[in-house]
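Listed below, chain by chain, are the residues.
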Amino acid sequence: MDRIQPPLVDPFARAITYLRVSVTDRCDFRCVYCMSENMTFLPKAELLTLEELDRLCSAFVALGVRKLRITGGEPLVRRNIMDFFRAMSRHIDSGALEELTLTTNGSQLARFAGDLAAAGVRRVNVSLDTLDDDRFTEITRWGRLSQVREGIAAARDAGLRVKINAVALRGVNEDELFRLTEWCAGSDMDLTWIEVMPMGDIGNEDRLDQYWSLSDLRARLATRYTLIDTPERTGGPARYVRLAETGQKVGFITPLTHNFCESCNRVRLTCTGQLFMCLGQEDMADLRAPLRAHPDDDAPLNAAIRAAIAAKPRGHDFDYSRRRPDGQVSRHMSHTGG
Ligand code: SAM
Ligand code: SF4
(Lines give C-alpha, C1' and ligand atoms only; values in the text may rest on other atoms or scores of the structure.)
(Ligands and ions follow the chains in the order given, each with its own letter.)
Protein backbone atom coordinates (compact mmCIF):
# COMPACT_ATOMS: atom_id res chain seq x y z
CA MET A 1 0.00 0.00 0.00
CA ASP A 2 1.27 3.44 -0.94
CA ARG A 3 1.75 5.39 2.32
CA ILE A 4 3.44 8.45 0.88
CA GLN A 5 0.31 9.98 -0.58
CA PRO A 6 -0.73 13.29 0.99
CA PRO A 7 -3.68 12.95 3.39
CA LEU A 8 -7.22 14.03 2.56
CA VAL A 9 -7.93 17.62 3.56
CA ASP A 10 -11.08 19.46 2.47
CA PRO A 11 -11.39 23.13 1.40
CA PHE A 12 -12.13 24.16 5.00
CA ALA A 13 -8.87 22.62 6.23
CA ARG A 14 -10.66 19.66 7.82
CA ALA A 15 -8.63 16.42 7.66
CA ILE A 16 -10.84 13.51 6.60
CA THR A 17 -9.85 10.57 8.78
CA TYR A 18 -13.17 8.83 9.38
CA LEU A 19 -15.15 6.80 6.84
CA ARG A 20 -18.59 5.41 7.52
CA VAL A 21 -19.61 2.66 5.14
CA SER A 22 -23.11 1.40 4.55
CA VAL A 23 -22.65 -2.18 3.38
CA THR A 24 -26.33 -2.81 2.66
CA ASP A 25 -29.56 -0.82 2.57
CA ARG A 26 -31.53 -3.85 3.77
CA CYS A 27 -32.64 -4.47 7.31
CA ASP A 28 -34.52 -6.98 9.41
CA PHE A 29 -36.30 -4.12 11.27
CA ARG A 30 -38.52 -1.32 9.98
CA CYS A 31 -38.01 1.43 12.55
CA VAL A 32 -40.74 4.05 12.27
CA TYR A 33 -38.32 7.00 12.01
CA CYS A 34 -36.08 5.26 9.47
CA MET A 35 -38.20 3.39 6.93
CA SER A 36 -41.76 2.87 5.86
CA GLU A 37 -43.05 -0.65 6.37
CA ASN A 38 -43.13 -1.39 2.65
CA MET A 39 -39.68 0.04 1.99
CA THR A 40 -38.30 -0.64 -1.50
CA PHE A 41 -34.67 -1.75 -1.49
CA LEU A 42 -32.06 -1.43 -4.19
CA PRO A 43 -31.74 -4.21 -6.74
CA LYS A 44 -28.92 -6.50 -5.55
CA ALA A 45 -26.99 -5.93 -8.79
CA GLU A 46 -26.51 -2.28 -7.85
CA LEU A 47 -24.60 -3.15 -4.68
CA LEU A 48 -20.85 -3.20 -4.53
CA THR A 49 -19.48 -6.67 -3.96
CA LEU A 50 -17.57 -7.32 -0.74
CA GLU A 51 -14.37 -7.34 -2.80
CA GLU A 52 -15.22 -3.92 -4.25
CA LEU A 53 -16.02 -2.59 -0.78
CA ASP A 54 -12.65 -3.90 0.36
CA ARG A 55 -10.86 -2.12 -2.47
CA LEU A 56 -12.66 1.14 -1.84
CA CYS A 57 -12.16 1.11 1.94
CA SER A 58 -8.52 0.16 1.47
CA ALA A 59 -8.07 3.12 -0.89
CA PHE A 60 -9.41 5.44 1.83
CA VAL A 61 -7.13 3.86 4.41
CA ALA A 62 -4.16 4.42 2.11
CA LEU A 63 -5.25 8.08 1.90
CA GLY A 64 -5.16 8.50 5.67
CA VAL A 65 -8.53 7.29 6.97
CA ARG A 66 -7.90 6.00 10.51
CA LYS A 67 -11.36 4.97 11.58
CA LEU A 68 -13.86 2.81 9.71
CA ARG A 69 -17.43 2.39 10.89
CA ILE A 70 -19.53 -0.26 9.18
CA THR A 71 -23.24 0.47 9.12
CA GLY A 72 -26.31 0.12 6.91
CA GLY A 73 -29.22 -0.77 6.78
CA GLU A 74 -28.35 -3.55 9.13
CA PRO A 75 -24.70 -4.45 8.39
CA LEU A 76 -24.95 -7.88 9.98
CA VAL A 77 -27.68 -9.06 7.60
CA ARG A 78 -25.40 -8.69 4.58
CA ARG A 79 -24.41 -12.14 3.35
CA ASN A 80 -20.85 -13.17 4.25
CA ILE A 81 -20.21 -9.86 5.97
CA MET A 82 -17.74 -11.54 8.34
CA ASP A 83 -15.44 -12.10 5.33
CA PHE A 84 -15.36 -8.34 4.92
CA PHE A 85 -14.61 -7.71 8.60
CA ARG A 86 -11.85 -10.32 8.49
CA ALA A 87 -10.40 -8.63 5.39
CA MET A 88 -10.45 -5.19 7.05
CA SER A 89 -8.66 -6.55 10.09
CA ARG A 90 -5.44 -6.56 8.05
CA HIS A 91 -5.45 -2.75 8.26
CA ILE A 92 -5.78 -2.96 12.04
CA ASP A 93 -2.93 -5.48 12.16
CA SER A 94 -0.72 -3.25 10.00
CA GLY A 95 -1.45 -0.22 12.19
CA ALA A 96 -2.86 1.75 9.24
CA LEU A 97 -6.31 1.73 10.81
CA GLU A 98 -6.84 2.75 14.43
CA GLU A 99 -10.37 1.52 14.77
CA LEU A 100 -12.74 -0.86 13.01
CA THR A 101 -16.22 -0.64 14.41
CA LEU A 102 -19.91 -0.95 13.57
CA THR A 103 -23.37 0.37 14.29
CA THR A 104 -25.96 -2.38 14.53
CA ASN A 105 -29.51 -2.97 15.69
CA GLY A 106 -28.11 -5.92 17.66
CA SER A 107 -30.42 -8.57 16.25
CA GLN A 108 -27.57 -10.70 14.86
CA LEU A 109 -24.95 -9.97 17.51
CA ALA A 110 -25.45 -13.22 19.37
CA ARG A 111 -24.33 -14.99 16.19
CA PHE A 112 -21.43 -12.73 15.26
CA ALA A 113 -19.97 -11.16 18.42
CA GLY A 114 -17.11 -13.66 18.68
CA ASP A 115 -16.15 -13.30 15.00
CA LEU A 116 -16.23 -9.51 15.27
CA ALA A 117 -13.92 -9.53 18.27
CA ALA A 118 -11.59 -11.91 16.43
CA ALA A 119 -11.51 -9.46 13.49
CA GLY A 120 -10.18 -6.70 15.72
CA VAL A 121 -13.45 -4.94 16.54
CA ARG A 122 -13.26 -3.56 20.08
CA ARG A 123 -16.44 -1.51 20.36
CA VAL A 124 -19.93 -1.65 18.91
CA ASN A 125 -22.78 0.82 18.91
CA VAL A 126 -26.13 -0.85 19.42
CA SER A 127 -29.28 1.10 18.65
CA LEU A 128 -31.96 0.61 21.29
CA ASP A 129 -34.69 3.15 22.01
CA THR A 130 -36.72 1.39 24.69
CA LEU A 131 -36.57 -1.36 27.30
CA ASP A 132 -40.24 -2.20 26.97
CA ASP A 133 -40.99 -5.29 24.84
CA ASP A 134 -44.22 -4.02 23.29
CA ARG A 135 -42.88 -0.56 22.68
CA PHE A 136 -39.78 -2.04 21.08
CA THR A 137 -41.95 -3.89 18.60
CA GLU A 138 -44.02 -0.75 17.97
CA ILE A 139 -40.89 1.27 17.15
CA THR A 140 -39.03 -1.36 15.13
CA ARG A 141 -42.21 -2.98 13.75
CA TRP A 142 -40.40 -6.31 13.11
CA GLY A 143 -37.96 -6.51 16.01
CA ARG A 144 -37.94 -8.49 19.26
CA LEU A 145 -36.30 -6.89 22.27
CA SER A 146 -35.20 -10.21 23.82
CA GLN A 147 -33.10 -10.99 20.73
CA VAL A 148 -31.33 -7.63 20.96
CA ARG A 149 -30.71 -8.05 24.68
CA GLU A 150 -29.18 -11.46 24.00
CA GLY A 151 -27.03 -9.86 21.32
CA ILE A 152 -25.79 -7.18 23.71
CA ALA A 153 -24.97 -9.81 26.33
CA ALA A 154 -23.05 -11.86 23.73
CA ALA A 155 -21.08 -8.80 22.65
CA ARG A 156 -20.10 -8.06 26.22
CA ASP A 157 -19.16 -11.69 26.81
CA ALA A 158 -16.93 -11.51 23.72
CA GLY A 159 -15.12 -8.57 25.29
CA LEU A 160 -16.65 -5.87 23.07
CA ARG A 161 -17.41 -2.54 24.64
CA VAL A 162 -21.05 -1.65 23.92
CA LYS A 163 -22.44 1.84 23.56
CA ILE A 164 -26.18 2.29 23.33
CA ASN A 165 -27.64 4.75 20.82
CA ALA A 166 -31.21 5.84 21.46
CA VAL A 167 -33.30 8.10 19.25
CA ALA A 168 -35.17 10.64 21.38
CA LEU A 169 -38.82 10.24 20.45
CA ARG A 170 -41.40 12.59 21.80
CA GLY A 171 -44.23 10.84 23.61
CA VAL A 172 -42.59 7.45 22.94
CA ASN A 173 -39.51 7.02 25.12
CA GLU A 174 -39.58 10.28 27.07
CA ASP A 175 -40.69 8.40 30.16
CA GLU A 176 -37.73 6.01 29.85
CA LEU A 177 -35.02 8.61 30.20
CA PHE A 178 -34.03 7.52 33.70
CA ARG A 179 -34.74 3.84 33.17
CA LEU A 180 -32.47 3.66 30.14
CA THR A 181 -29.80 5.69 31.92
CA GLU A 182 -29.85 3.38 34.94
CA TRP A 183 -29.89 0.24 32.82
CA CYS A 184 -26.83 1.38 30.89
CA ALA A 185 -25.06 2.47 34.08
CA GLY A 186 -25.75 -0.97 35.58
CA SER A 187 -23.81 -2.64 32.74
CA ASP A 188 -21.14 0.02 32.37
CA MET A 189 -22.42 1.09 28.95
CA ASP A 190 -22.33 4.63 27.67
CA LEU A 191 -25.53 6.03 26.22
CA THR A 192 -25.91 8.47 23.36
CA TRP A 193 -29.15 10.20 22.46
CA ILE A 194 -29.87 11.16 18.86
CA GLU A 195 -32.32 13.74 17.58
CA VAL A 196 -34.63 12.58 14.81
CA MET A 197 -33.31 13.80 11.50
CA PRO A 198 -35.42 14.55 8.44
CA MET A 199 -34.19 11.82 6.13
CA GLY A 200 -36.23 9.93 3.55
CA ASP A 201 -39.90 9.26 3.17
CA ILE A 202 -41.14 7.23 6.13
CA GLY A 203 -44.75 6.75 5.08
CA ASN A 204 -47.44 8.13 7.36
CA GLU A 205 -45.20 9.10 10.27
CA ASP A 206 -44.78 12.79 11.03
CA ARG A 207 -41.25 14.03 11.76
CA LEU A 208 -42.36 16.93 13.91
CA ASP A 209 -44.52 14.61 15.99
CA GLN A 210 -41.43 12.47 16.62
CA TYR A 211 -39.04 15.29 17.44
CA TRP A 212 -37.95 15.58 21.07
CA SER A 213 -35.30 18.24 21.51
CA LEU A 214 -32.17 17.13 23.30
CA SER A 215 -31.94 20.44 25.16
CA ASP A 216 -35.16 19.44 26.88
CA LEU A 217 -33.89 15.88 27.43
CA ARG A 218 -30.67 17.22 28.93
CA ALA A 219 -32.51 19.58 31.27
CA ARG A 220 -34.62 16.68 32.52
CA LEU A 221 -31.54 14.53 33.05
CA ALA A 222 -30.06 17.33 35.14
CA THR A 223 -33.00 17.19 37.54
CA ARG A 224 -31.65 13.84 38.80
CA TYR A 225 -27.96 13.74 37.92
CA THR A 226 -25.01 16.10 38.04
CA LEU A 227 -23.85 16.58 34.46
CA ILE A 228 -20.15 17.23 34.09
CA ASP A 229 -19.14 18.51 30.65
CA THR A 230 -16.29 16.57 29.09
CA PRO A 231 -13.95 18.06 26.50
CA GLU A 232 -14.16 14.87 24.45
CA ARG A 233 -14.71 15.42 20.73
CA THR A 234 -15.03 12.79 18.04
CA GLY A 235 -15.18 15.15 15.09
CA GLY A 236 -18.91 14.52 14.79
CA PRO A 237 -22.05 16.18 16.07
CA ALA A 238 -21.89 14.39 19.45
CA ARG A 239 -21.15 16.16 22.72
CA TYR A 240 -20.61 14.25 25.96
CA VAL A 241 -21.18 14.70 29.66
CA ARG A 242 -20.26 12.43 32.53
CA LEU A 243 -22.85 11.71 35.22
CA ALA A 244 -21.19 12.32 38.57
CA GLU A 245 -23.44 9.78 40.32
CA THR A 246 -22.83 6.83 37.97
CA GLY A 247 -19.59 7.75 36.22
CA GLN A 248 -21.09 6.86 32.84
CA LYS A 249 -20.81 8.94 29.72
CA VAL A 250 -23.94 10.32 28.09
CA GLY A 251 -23.75 11.72 24.58
CA PHE A 252 -26.04 14.06 22.69
CA ILE A 253 -26.12 14.04 18.91
CA THR A 254 -27.82 17.28 18.01
CA PRO A 255 -27.36 18.14 14.37
CA LEU A 256 -30.57 20.15 14.55
CA THR A 257 -30.32 22.26 17.69
CA HIS A 258 -26.60 22.80 17.29
CA ASN A 259 -24.30 22.77 14.35
CA PHE A 260 -20.84 21.31 14.78
CA CYS A 261 -19.92 21.07 11.13
CA GLU A 262 -16.75 23.11 11.54
CA SER A 263 -14.91 20.15 13.08
CA CYS A 264 -16.37 17.47 10.77
CA ASN A 265 -13.78 14.80 9.94
CA ARG A 266 -15.97 12.26 8.12
CA VAL A 267 -17.52 11.19 4.86
CA ARG A 268 -20.03 8.45 4.11
CA LEU A 269 -19.95 5.73 1.49
CA THR A 270 -23.13 3.97 0.38
CA CYS A 271 -23.42 0.34 -0.58
CA THR A 272 -23.58 1.42 -4.24
CA GLY A 273 -20.32 3.34 -4.10
CA GLN A 274 -21.71 6.86 -3.77
CA LEU A 275 -19.68 9.07 -1.51
CA PHE A 276 -21.68 11.60 0.49
CA MET A 277 -19.50 14.36 1.77
CA CYS A 278 -22.18 15.57 4.21
CA LEU A 279 -25.03 13.62 5.80
CA GLY A 280 -27.33 16.61 5.37
CA GLN A 281 -26.64 17.52 1.74
CA GLU A 282 -27.48 15.94 -1.58
CA ASP A 283 -23.98 16.39 -3.07
CA MET A 284 -22.31 13.09 -3.80
CA ALA A 285 -19.61 11.53 -5.93
CA ASP A 286 -19.90 8.24 -7.76
CA LEU A 287 -16.89 6.09 -6.90
CA ARG A 288 -18.28 2.91 -8.41
CA ALA A 289 -17.60 4.08 -11.97
CA PRO A 290 -13.82 4.65 -11.56
CA LEU A 291 -13.64 1.53 -9.39
CA ARG A 292 -15.18 -0.69 -12.05
CA ALA A 293 -13.62 1.03 -15.06
CA HIS A 294 -10.09 0.48 -13.74
CA PRO A 295 -9.97 -2.85 -11.93
CA ASP A 296 -6.16 -2.91 -11.81
CA ASP A 297 -5.30 0.73 -11.33
CA ASP A 298 -6.19 2.72 -8.20
CA ALA A 299 -5.03 6.07 -9.58
CA PRO A 300 -8.37 7.09 -11.17
CA LEU A 301 -10.20 5.99 -7.99
CA ASN A 302 -7.83 8.01 -5.80
CA ALA A 303 -8.30 11.02 -8.06
CA ALA A 304 -12.09 10.69 -7.78
CA ILE A 305 -11.83 10.49 -3.97
CA ARG A 306 -9.66 13.60 -3.88
CA ALA A 307 -12.02 15.49 -6.18
CA ALA A 308 -14.95 14.55 -3.92
CA ILE A 309 -13.19 15.72 -0.77
CA ALA A 310 -12.34 18.97 -2.53
CA ALA A 311 -16.10 19.49 -2.89
CA LYS A 312 -17.07 18.74 0.72
CA PRO A 313 -19.62 21.37 1.73
CA ARG A 314 -19.16 23.54 4.78
CA GLY A 315 -22.21 22.05 6.55
CA HIS A 316 -25.84 20.95 6.48
CA ASP A 317 -29.08 22.94 6.40
CA PHE A 318 -31.34 20.87 8.66
CA ASP A 319 -33.73 23.17 10.45
CA TYR A 320 -37.00 22.50 12.29
CA SER A 321 -37.31 26.03 13.63
CA ARG A 322 -39.94 27.07 11.11
CA ARG A 323 -42.18 24.22 12.28
CA ARG A 324 -41.58 22.14 9.20
CA PRO A 325 -38.68 19.80 8.58
CA ASP A 326 -36.56 22.14 6.48
CA GLY A 327 -33.39 21.04 4.80
CA GLN A 328 -34.89 17.58 4.42
CA VAL A 329 -32.88 15.22 2.26
CA SER A 330 -34.70 12.66 0.16
CA ARG A 331 -32.53 9.61 0.84
CA HIS A 332 -33.03 7.37 3.86
CA MET A 333 -30.58 7.10 6.72
CA SER A 334 -30.35 3.39 5.90
CA HIS A 335 -28.99 4.31 2.46
CA THR A 336 -26.28 6.71 3.59
CA GLY A 337 -25.63 4.90 6.85
CA GLY A 338 -26.39 6.50 10.19
N1 SAM B 1 -29.35 -0.77 11.48
C2 SAM B 1 -28.30 -0.23 12.28
C3 SAM B 1 -28.84 0.41 13.53
O4 SAM B 1 -30.07 0.60 13.63
O5 SAM B 1 -28.02 0.70 14.40
C6 SAM B 1 -27.40 0.74 11.56
C7 SAM B 1 -28.03 1.72 10.62
S8 SAM B 1 -29.12 2.89 11.38
C9 SAM B 1 -29.62 3.83 9.96
C10 SAM B 1 -27.97 3.92 12.25
C11 SAM B 1 -28.55 4.82 13.30
O12 SAM B 1 -29.36 5.79 12.67
C13 SAM B 1 -29.42 4.13 14.33
O14 SAM B 1 -28.95 4.46 15.62
C15 SAM B 1 -30.79 4.73 14.11
O16 SAM B 1 -31.50 4.81 15.29
C17 SAM B 1 -30.45 6.05 13.51
N18 SAM B 1 -31.50 6.64 12.69
C19 SAM B 1 -32.20 6.09 11.67
N20 SAM B 1 -33.06 6.97 11.11
C21 SAM B 1 -32.89 8.13 11.81
C22 SAM B 1 -33.47 9.42 11.73
N23 SAM B 1 -34.39 9.72 10.83
N24 SAM B 1 -33.04 10.36 12.63
C25 SAM B 1 -32.09 10.08 13.54
N26 SAM B 1 -31.51 8.89 13.66
C27 SAM B 1 -31.91 7.92 12.81
FE1 SF4 C 1 -32.97 -0.90 10.33
FE2 SF4 C 1 -31.30 0.59 11.74
FE3 SF4 C 1 -33.12 1.74 10.12
FE4 SF4 C 1 -33.95 0.51 12.31
S5 SF4 C 1 -32.63 2.32 12.22
S6 SF4 C 1 -34.83 0.27 10.25
S7 SF4 C 1 -32.53 -1.12 12.50
S8 SF4 C 1 -31.44 0.50 9.49
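Model, not experiment: these values are computed from the prediction.

### Considering the sheet that holds strand β9 (residues 249-253)
The strand order across the open sheet built from 12 strands is β7-β8-β9-β6-β5-β4-β3-β2-β1-β10-β11-β12, with neighbouring strands paired in mixed fashion. This sheet does not close on itself; its edge strands, each paired only once, are β7 (227-229) and β12 (284-286). Sheet twist, expressed as the average angle between the axes of neighbouring strands with direction ignored, equals 25°. Relative to β9, strand β6 (residues 190-194) is paired through four bridges, and the arrangement is parallel. Directly across from Ile194, in β9, lies its bridge partner Ile253. Packed onto the sheet, helix α8 (residues 214-221) meets β6, β7, β8 (238-243) and β9 and runs at close to 160° relative to β9.

### Digging into the site of ligand 2
In the region of ligand 2, the neighbouring residues are Cys27, Phe29, Cys31, Cys34, Met35, Gly73 and Asn105. Across the shell around ligand 2, the residue classes tally to five nonpolar, two polar and no charged.

### Some remarks on the layout of surface pockets
For the second largest pocket, the calculated volume is near 170 Å³. Around the second largest pocket, the lining residues are Thr24, Arg26, Lys44, Leu47, Leu48, Val77, Arg78 and Arg79. Classifying every residue of the lining of the second largest pocket gives three nonpolar, one polar and four charged.

### Some points on the site of ligand 1
Near ligand 1, the surroundings consist of 18 residues, among which Tyr33, Gly73, Glu74, Ser127 and Met197 are the closest. Contact between ligand 1 and Tyr33: a nitrogen atom at 3.2 Å from a main-chain N or O atom of the residue. Between a nitrogen atom of ligand 1 and a main-chain N or O atom of Gly73, the distance comes to 3.0 Å. Protein chains bury 95% of the 540 Å² of accessible surface belonging to ligand 1 in isolation. The class makeup of the residues in the shell around ligand 1 is seven nonpolar, eight polar and three charged.

### A few points about the confidence of the model for the chain
Averaged over every residue, the pLDDT of the chain is 90; residues scoring 70 or more account for 88%. Below pLDDT 50 for its whole length, residues 320-325 participates in 15 contacts with residues either more than four positions away or in separate chains.

### Quick look at the packing of aromatic side chains
In total, this model carries four aromatic pairs according to the counting rule given. Between Phe84 and Phe85, the ring centres sit 6.3 Å apart and the planes meet at 75°, which makes this aromatic pair edge-to-face. Overall, Phe85 belongs to the buried group, its relative accessible area being 0%. Ring geometry for Trp193 versus Trp212: centroids 6.1 Å apart, planes at 65°, classification edge-to-face. In this pair, Trp193 sits in strand β6 while Trp212 sits in the loop between α7 (207-210) and α8, placing the two residues 19 residues apart along the sequence. Positioned above the aromatic ring of Tyr18 is the side chain of Lys67, whose terminal nitrogen or guanidinium carbon lies 4.7 Å from the ring centre. Over the face of the ring belonging to Phe178 we find Arg224, whose NZ or CZ atom lies 3.9 Å from the ring centre.

Definitions and cut-offs
Along each chain, the written sequence defines residue order, and numbers are assigned to residues from 1. Chains and ligands are labelled sequentially in the order written, the chains with letters from A and the ligands with numbers from 1. In keeping with the predicted nature of the model, local features appear solely for residues at pLDDT of at least 70, side-chain atom pairs appear and are counted solely at 80 or more, and the whole-chain, interface and lining totals rest on all residues. Note: side-chain values were computed over all heavy atoms of the structure, leaving out hydrogens and water. Strands were regarded as paired on the criterion that DSSP finds at least two bridges between them. Numbering of helices and strands runs from the N terminus, with a helix taken as a DSSP run of H or I at least four residues long and a strand as a DSSP run of E at least two residues long. Simply put, an axis is a line fit to the C-alpha atoms, just over the touching stretch for a helix, and the angle between two N-to-C directions goes from 0 to 180 degrees. By the convention used here, residues are in contact when the closest approach between their heavy atoms is within 4.5 Å. We call a residue near a given molecule or strand whenever any one of its heavy atoms falls within 4 Å of it. Polarity classes work like this: nonpolar for Ala, Val, Leu, Ile, Met, Phe, Trp, Tyr, Cys and Pro, charged for Asp, Glu, Lys and Arg, and polar for all others, with Gly in that last group. Cavities and pockets were defined on a 1 Å grid built from protein atoms only: a cavity is a group of points that admits a 1.4 Å probe but offers it no way out, a pocket is an open group of points flanked by protein on both sides within 12 Å along at least five of seven lines, and a lining residue is one with an atom within 4 Å of any such point. Grid points are joined across faces, edges and corners, and a volume is the space filled by probe spheres set on the points. By the criterion applied in these results, polar contacts are pairs of N or O atoms within 3.5 Å in which, for protein atoms, one can donate a hydrogen and the other can accept it, and in which residues neighboring in sequence qualify only through two side-chain atoms. Working definition of accessibility: Shrake-Rupley area with a 1.4 Å probe, residue cover restricted to the visible protein chains. Within a predicted model, pLDDT stands for the predictor's per-residue confidence, ranging from 0 to 100. Within 6.5 Å between ring centres, the rings of Phe, Tyr and Trp (the latter by its six-membered ring) count as paired, and their orientation is classed by plane angle as stacked under 30 degrees, edge-to-face over 60, tilted in between. Each residue is placed in one exposure class: buried if its accessible area under a 1.4 Å probe, protein chains only, is under 20% of its type's maximum, exposed if it is over 50%, and partly exposed if it falls in between. For a ring to carry a charge above it, either NZ of a lysine or CZ of an arginine must fall within 6 Å of the ring centroid while also lying within 35 degrees of the normal to the ring plane.

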